[in-house]
Amino acid sequence: MGGTAAPTPGEMAGIVQQIRQTVRHHSTRFEVAIPLIASENLLSPYAKELLISDFHSRYAEGLPGERYYEGNEDVDRVENVCLGLARRLFRCSFADVRPISGTVANLAVLKAFAEPGDLVGTNRLANGAHISSASFGAFGLRGVKPVYYAWDEERMTIDVAKTREILKAVRPKLCLFGLSVFLFPQPIEELRSTLEEIGAKGWYDAAHVLGLIAGGQFQDPLREGATVISASTHKTLPGPQHGILLGGAPDEETVRRLQSAAFPGVTSNHHLHTMAALAVSLAEHIEFGRDYARQTIANAQALAQALYERGFEVLAPKLGFTRSHTIAVRVAREGGGETVAHRLADAGIITNKNLLPGDASPKHPQGIRLGTPELTRVGMTEKEMVRVAELFEMLLHQGRSTGEVREAATALKSPFTTIRYCFGAGESAYRYYDLVGRDPS
Ligand SMILES: *Cc1c(COP(=O)(O)O)cnc(C)c1O
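Residues numbered from 1 in each chain as written. Predicted model: local features only at pLDDT ≥ 70, side-chain atom pairs only at ≥ 80, totals over all residues. Heavy atoms only, no water.

Draft legend 1. Up close: the nonpolar core. Formed by 57 residues in total, the largest nonpolar core has its most connected members in Phe90, Phe177, Tyr204, Leu210, Leu246 and Leu282. If you list the elements that add at least two residues to this core, you get α3 (73-89), α6 (160-170), β9 (174-177), α7 (188-198), α8 (210-214), β11 (228-232), β12 (243-247) and α11 (272-309). Among the elements that make up this core, the one with the highest residue count is α11 (eight residues). The residues touching leucine 282, leaving out its near neighbours within four places in the chain, are Cys82, Leu85, Ala86, Leu89, Phe90 and Leu237. If you look at the next biggest cluster of nonpolar residues, it comprises 46 residues, including Ala302, Phe321, Ala347 and Ile349. (Core = buried A, V, L, I, M, F, W, Y, C linked by side-chain atoms within 4.5 Å. Buried < 20%, exposed > 50% of the residue type's maximum accessible area, 1.4 Å probe, protein only. Helix = DSSP H or I, 4+ residues; strand = E, 2+ residues; numbered from the N terminus. Contact = heavy atoms within 4.5 Å.)

In structure tokens, the structure reads:
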């Protein structure tokens, strides 16, 4: 029985050791890198600690106080605190912290408010929408059909007048606002009366900008006409990889639909260790989030300006490039998104290729997307953003070698490896939890 799977002596211990070393190598690599992925961030020490707590080992289905299993008293306490902090931070009456990611939160909204065959308004992928809106993503899974908003390329946001006409003509049941290349606020307030007129619910996907909204530095969707916000909790909100649903003052039926969509609709257990970490991150954001959000945006604007001054084609120059944590750069002249992202990564600068408006092929996009959440989290400010732009210039315009740029990148990053904007600030931001230094055997 199972003869071919039987390990040789020491084989599996060796593999475990290899995995540990690879993850440690990864941590060290990021410690000296310039990470500019707009959707990534770093966890605070007090949040990180909970990821290896016993909460990880447990199940809690249902809502606090109404669980299906025994032993959940402390989980309930923490989840109630988490829910209270979420409602306080977003000034709303409804929160659900059971979706285990942003995509899962999106599926919950689709389950709550749309049926297969329904029309749902959204942005096109090439204009920055998330794959949730794609036929091969959550929309397709729920069987809903996208109705695309008109786009204003120069302003890098929805064309309100044209979109109004589309919505009135096609009358989708639900309208999703939100992007993965999220440079400027979405005009949900401007479209609010149209949504009311056609009887569509407003849905805001805040995965990227949740921390900016919470810090009072972006738009305020629940006051601007959104019935529900879905989001990831680990992008500009520097929390654990998890998801959340928020509602301003939904009626009982809406609450019931969202709650039953969250569980049992799209989750069973909801990853209690990450839920506990989220509670810590929400508390820390109430304390530190305003400053963090402000600096994150200031850094994105400074990076955009510095790249622009060095001849890079940063999008939306007339509008100041961005009002968020993200900037988009057309790098067709530098070799295209894929080549440029690879070359940057070789030099220790981590970015991603990205579709830009007008791009036909998702495999060969013209753009790269850059974000400042992580570099801000380790204490960098506008001054360092200029240095980051210089690294781009050295590598992509001045023909300096990959090795030389990597050395400069490491030198720039070295003083910025500890965490900021949280309790326990000053601890290593990239700490690897070493199991008492032992080898498995
Ligand atoms: C990242 C993202 C998501 C998905 O979040 P996960 O937590 O990775 O599942 C959803 N919507 C948008 C707009 C995103 O950018």
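Next, the rest of the story.
Draft legend 2. Region of the structure containing the packing of helix α14 (residues 382-396) against helix α15 (residues 402-413). Across the interface, α14 lies against α15 with an axial gap of 9 Å and an inter-helix angle of 170 degrees. Taken together, the axes of α14 and α15 are roughly antiparallel relative to one another. Between α14 and α15, the residues in contact are Glu384, Arg387, Val388, Leu391, Met394 and Leu395 and Thr402, Glu404, Val405, Ala408, Ala409 and Leu412, respectively. A breakdown of the residues in the contact of α14 with α15 according to their chemical character gives eight nonpolar, one polar and three charged. (Axes fitted to C-alpha atoms, helices over the stretch in contact; angles between N-to-C directions. Parallel < 35°, antiparallel > 145°, perpendicular 65-115°, else oblique. Nonpolar A, V, L, I, M, F, W, Y, C, P; charged D, E, K, R; others polar.)

Draft legend 3. Up close: the packing of α11 against α14. Closest axis-to-axis distance for the α11/α14 pair is 8 Å, and the angle between their directions is 35 degrees. α11 and α14 meet at a crossing whose hand is right-handed. Only Glu382, Met385, Val386, Val388, Ala389 and Phe392 of α14 make contact with α11, whose side of the interface consists of Gln295, Ala298, Asn299, Ala302, Leu303, Ala306 and Leu307. Of the residues contributing to the contact of α11 with α14, the split by class is ten nonpolar, two polar and one charged. (Left-handed = near helix turned anticlockwise from the far one by under 90°.)

Draft legend 4. Expanded view of helix α12 (residues 337-346). For α12, the full list of buried residues reads Gly337, Val340, Ala341 and Leu344. Projection of α12 onto a plane perpendicular to its axis shows the buried side chains occupying an angular sector of 100 degrees, all on one side. Looking at the packing, one finds that the buried side of α12 touches β15 (349-350), β16 (352-354), β17 (367-371) and α14. Phi turns positive, to about 85 degrees, at glycine 348, one or two residues after α12. (Arc of directions from axis to C-beta.)

Draft legend 5. Region of interest: the domain arrangement of the protein chain. Taken domain by domain, the protein chain comprises domain 1 (48-282) and domain 2 (288-435). Centre-to-centre, using C-alpha coordinates, domain 1 lies 27 Å away from domain 2. Of the residues lining the interface, 28 residues belong to domain 1; the matching set on domain 2 comes to 31 residues. Here domain 1 packs against domain 2, burying approximately 2300 Å² in sum over the two surfaces, 64% of which is carbon and sulfur. Connecting domain 1 to domain 2 are one salt bridge. Here lysine 318 ties to glutamate 154 by a salt bridge, and the two come within 2.9 Å at their closest N and O atoms. Scanning the region where domain 1 abuts domain 2 turns up nine residue pairs in polar contact (both at pLDDT 80 or more). Mapped by element, the contributors of at least two residues to the side of domain 1 that touches domain 2 are α2 (45-51) and α8. Here the residues of the side of domain 1 that touches domain 2 sort into 14 nonpolar, eight polar and six charged. (Domains from an automatic or database assignment. Buried area = accessible area lost by both parts, 1.4 Å probe. Salt bridge = Lys/Arg side-chain N within 4 Å of Asp/Glu carboxyl O. Polar contact = N/O pair within 3.5 Å; in protein donor to acceptor, adjacent residues only side chain to side chain.)

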